Amino acid sequence: MALQGKFAIVTRGARGIGASIVCALAKGGANVSVDCLAPRSYFSELSETQAVNPVEEVRALGVSATCVRVDMSSLDIPATVLKATINGRGCDKTDILVNNAGLGGNATLEDGTAEEYERLMAVNVRAVIFMMQTVLPAIRRGSRIINLYSISAAVVLPRRRFMRPPRQSVKE
């Protein structure tokens, strides 16, 4: 197991690609911390229910798993995620950060609102930057930070033009 004894944080690891990443890291031997969305966020009830599945699957593999209920648009969240991760596993270092959290939307450029734009930027750009900044002091030498972005950053889809700039920011 190449990742035996390593510690990973995966944002939005409760469903979809994030859940697959969490399970792959755990199968490699890594202990993982997963975040799921808070009540005021999109898909909150679904995400919390779905977060249980990868966490249970990870624990069944014999590695530790911590689930942190957060809203990645909040400025306080990176520190909250790191603190909960450290408290949940009793280790103050991290080896892997996967910034997977991201929001989409179907607003056109003509129909998008300032509120929707702020939310997209908060989760898709600001959360990525501040998760990296917060984790840096706790990351071990030779560790990895992986930032994922949506296909929306590379391809212009008519109904997704409004979300392209935030996603493109992470790509760059």
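Rules used throughout
- Residues numbered from 1 in each chain as written.
- Predicted model: local features only at pLDDT ≥ 70, side-chain atom pairs only at ≥ 80, totals over all residues.
- Heavy atoms only, no water.
- Patch = residues over 30% accessible without salt bridge, like charges linked within 9 Å, V, L, I, M, F, W, Y side chains within 5 Å.
- Areas by Shrake-Rupley, 256 points an atom, 1.4 Å probe, with all protein chains shown as cover.
- Salt bridge = Lys/Arg side-chain N within 4 Å of Asp/Glu carboxyl O.
- Helix = DSSP H or I, 4+ residues; strand = E, 2+ residues; numbered from the N terminus.
- Buried < 20%, exposed > 50% of the residue type's maximum accessible area, 1.4 Å probe, protein only.
- Expected span 1.5 Å × (residues − 1).
- Bend = angle between axes of the 7 residues up to and from the residue.
- Axes fitted to C-alpha atoms, helices over the stretch in contact; angles between N-to-C directions.
- Parallel < 35°, antiparallel > 145°, perpendicular 65-115°, else oblique.
- Left-handed = near helix turned anticlockwise from the far one by under 90°.
- Contact = heavy atoms within 4.5 Å.
- Nonpolar A, V, L, I, M, F, W, Y, C, P; charged D, E, K, R; others polar.
- Core = buried A, V, L, I, M, F, W, Y, C linked by side-chain atoms within 4.5 Å.
- pLDDT = per-residue confidence, 0-100.
- Arc of directions from axis to C-beta.

**As for a nonpolar patch on the surface**
(1) Moving on: A cluster of nonpolar residues, Leu75, Ile129 and Phe130, forms a patch on the protein surface that exposes about 270 Å² of accessible area.
(2) Moving on: Assignment of secondary structure puts Phe130 in helix α4 (residues 114-135).
(3) Moving on: According to the relative accessible area criterion, Phe130 is partly exposed, its value standing at 31%.

**A short note on α4**
(1) Moving on: For α4, which comprises 22 residues, the first-to-last C-alpha distance of 30 Å matches the rise-based estimate of 32 Å (1.5 Å per residue) to within 8%.
(2) Moving on: Approximately 40° is the largest bend angle found in α4, and it occurs at Arg126.
(3) Moving on: Restricting attention to buried positions, one finds in α4 the residues Arg119, Leu120, Ala122, Val123, Asn124, Val125, Ala127, Val128, Met131 and Val135.

**Quick look at the packing of helix α3 (residues 77-89) against α4**
(1) Moving on: Where α3 meets α4, the closest approach of the two axes is 8 Å, and the angle between their N-to-C directions is 45°. By the angle between their directions, the pair α3 and α4 is classed as oblique. Seen along the crossing, α3 lies across α4 with a hand that is right-handed. Listed contacts from α4 to Pro78, Ala79, Val81 and Leu82 of α3 are Phe130, Met131, Thr134 and Val135.
(2) Moving on: Classifying every residue of the contact of α3 with α4 gives 7 nonpolar, 1 polar and no charged.

**Quick word on the nonpolar core**
Note on soluble globular proteins: their nonpolar side chains tend to be buried together.
(1) Moving on: Core analysis: the biggest nonpolar cluster contains 17 residues, and Ile9, Val70, Met72, Val81, Met131 and Val135 have the highest contact counts within it.
(2) Moving on: Per element, the largest residue contribution to this core is 5 residues, and it comes from α4.
(3) Moving on: Look past the residues within four positions of Met72 in its chain and what remains in contact with it is Thr11, Asp35, Ile77, Ala101, Ala122, Val123, Ala127 and Met131.
(4) Moving on: Core analysis: the second largest hydrophobic core is formed by 15 residues, Val10, Val55, Ala65 and Ile96 among them.

**What to know about the environment of Pro78**
(1) Moving on: Within the fold, Pro78 resides in helix α3.
(2) Moving on: In the structure, Pro78 is positioned 53 residues away from Met131 in sequence and 4.9 Å away in space, judged by C-alpha atoms.
(3) Moving on: Sequence-distant contacts of Pro78, defined by excluding residues within four places in its chain, comprise Phe130, Met131 and Thr134.

**Thoughts on the confidence of the model for the chain**
Close reading of the predicted structure is inappropriate where its pLDDT is low.
(1) Moving on: Across the chain, pLDDT averages 78, with 76% of residues at or above 70.
(2) Moving on: Ranking the elements of the chain by mean pLDDT puts helix α5 (residues 164-171) last with 57 and strand β4 (residues 94-99) first with 93.
(3) Moving on: The model gives residues 38-44 a pLDDT under 50, and that stretch makes 18 contacts with residues more than four places away or in other chains.

**Structural notes on the pattern of salt bridges**
Side-chain pairs of opposite charge can arise where the charged atoms are in close proximity.
(1) Moving on: Under the defined criterion, the tally for this structure stands at 2 salt bridges.
(2) Moving on: Of the charged contacts, one joins Arg119 and Asp71 as a salt bridge, the two residues approaching to 3.3 Å between their closest N and O atoms. On the criterion of sequence distance, the pair formed by Arg119 in helix α4 and Asp71 in the loop between β3 (65-70) and α3 is long-range, its members being 48 residues apart.
(3) Moving on: Note on Asp71: relative accessible area 3%, which makes it buried.
(4) Moving on: Between Asp95 and Arg140 there is a salt bridge whose closest N-O contact spans 2.9 Å. You can see Asp95 sitting in strand β4 and its partner Arg140 sitting in strand β5 (residues 139-147), a full 45 residues away along the chain.
(5) Moving on: What makes Asp95 buried here is its relative accessible area of 5%.

**Focus: α3**
(1) Moving on: The end-to-end C-alpha separation of α3 is 18 Å, in line with the 18 Å expected for 13 residues at 1.5 Å each.
(2) Moving on: Where α3 is concerned, the buried positions are Ile77, Pro78, Val81, Leu82, Thr85 and Arg89. An end-on view of α3 places all buried positions within 135° of arc, on one side of the element. α3 presents Lys83 and Asn87 as exposed residues on the side facing more than 90 degrees away from its buried surface.
(3) Moving on: Note on α3: the residue one or two positions beyond its end, Gly90, has a positive phi of about 70°.

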